[in-house]
Amino acid sequence: MSEIREHMKIIGKDGAHVGTVDRVEGNRIKLTRKDSPEGHKDHHHYIDTKYVGAVEGNVVKLSMNADAVPKTEAA
């Protein structure tokens, strides 16, 4: 997870855009607010790092398709 950096693109296994890294907090990737779903633009969402399949160049590739990735709100 030390390879994951701010502003990296996050894509699903299917190549579809999931979000953009704001930063890593513990075992979660914090997404930029612009990647939050409609109606949730006022706060950040997170993806658990257990879904990361690989980090290649400036891209975080997840181990599941984009539409299956669970995003959580700040706890």
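Residues numbered from 1 in each chain as written. Predicted model: local features only at pLDDT ≥ 70, side-chain atom pairs only at ≥ 80, totals over all residues. Heavy atoms only, no water.

### Some remarks on the overall build of the protein chain
For the protein chain, the count of helices and strands is 0 helices and 7 strands. Here the protein chain holds 75 residues, and 36% of them are scored as buried. Accessible surface, the protein chain: about 4,400 Å² in total, of which carbon and sulfur atoms supply 47%. (Helix = DSSP H or I, 4+ residues; strand = E, 2+ residues; numbered from the N terminus. Buried < 20%, exposed > 50% of the residue type's maximum accessible area, 1.4 Å probe, protein only. Areas by Shrake-Rupley, 256 points an atom, 1.4 Å probe, with all protein chains shown as cover.)

### As for the pattern of salt bridges
Charged atoms that come close allow side chains of opposite charge to pair. All told, the structure shown has 4 salt bridges when counted by the stated rule. Measuring nitrogen to oxygen at the nearest pair gives 2.7 Å for the salt bridge that ties Lys61 to Glu56. Residue classification places Lys61 among the partly exposed positions, given a relative accessible area of 30%. A relative accessible area of 44% means that Glu56 is categorised as partly exposed. Salt bridges here are not isolated pairs; linked through shared partners, they connect Asp22, Arg23, Glu25 and Lys30. (Salt bridge = Lys/Arg side-chain N within 4 Å of Asp/Glu carboxyl O.)

### Some points on the confidence of the model for the protein chain
For the protein chain, the mean per-residue pLDDT works out to 88, and 87% of the residues sit at or above 70. In the model of the protein chain, strand S7 (residues 72-73) stands out as the element of lowest mean pLDDT, 75, in contrast to strand S6 (residues 59-62), which has the highest, 98. (pLDDT = per-residue confidence, 0-100.)

### Some details on the nonpolar core
Core analysis: the largest hydrophobic core is formed by 14 residues, its most contacted members being Ile10, Ile29, Ile47, Val60 and Leu62. Looking at this core, the elements that each hand over two or more residues are strand S2 (17-25), strand S3 (28-31) and S6. Ignoring sequence-local partners within four residues, the contact set of Leu62 consists of Ile10, Ile11, Gly12, Lys13, Val18, Ile47, Tyr51, Val52, Gly53 and Val69. (Core = buried A, V, L, I, M, F, W, Y, C linked by side-chain atoms within 4.5 Å. Contact = heavy atoms within 4.5 Å.)

### A closer look at the environment of Thr20
Of note, Thr20 is situated in strand S2. A C-alpha to C-alpha distance of 5.7 Å links Thr20 and Met8, two positions 12 residues apart in sequence.

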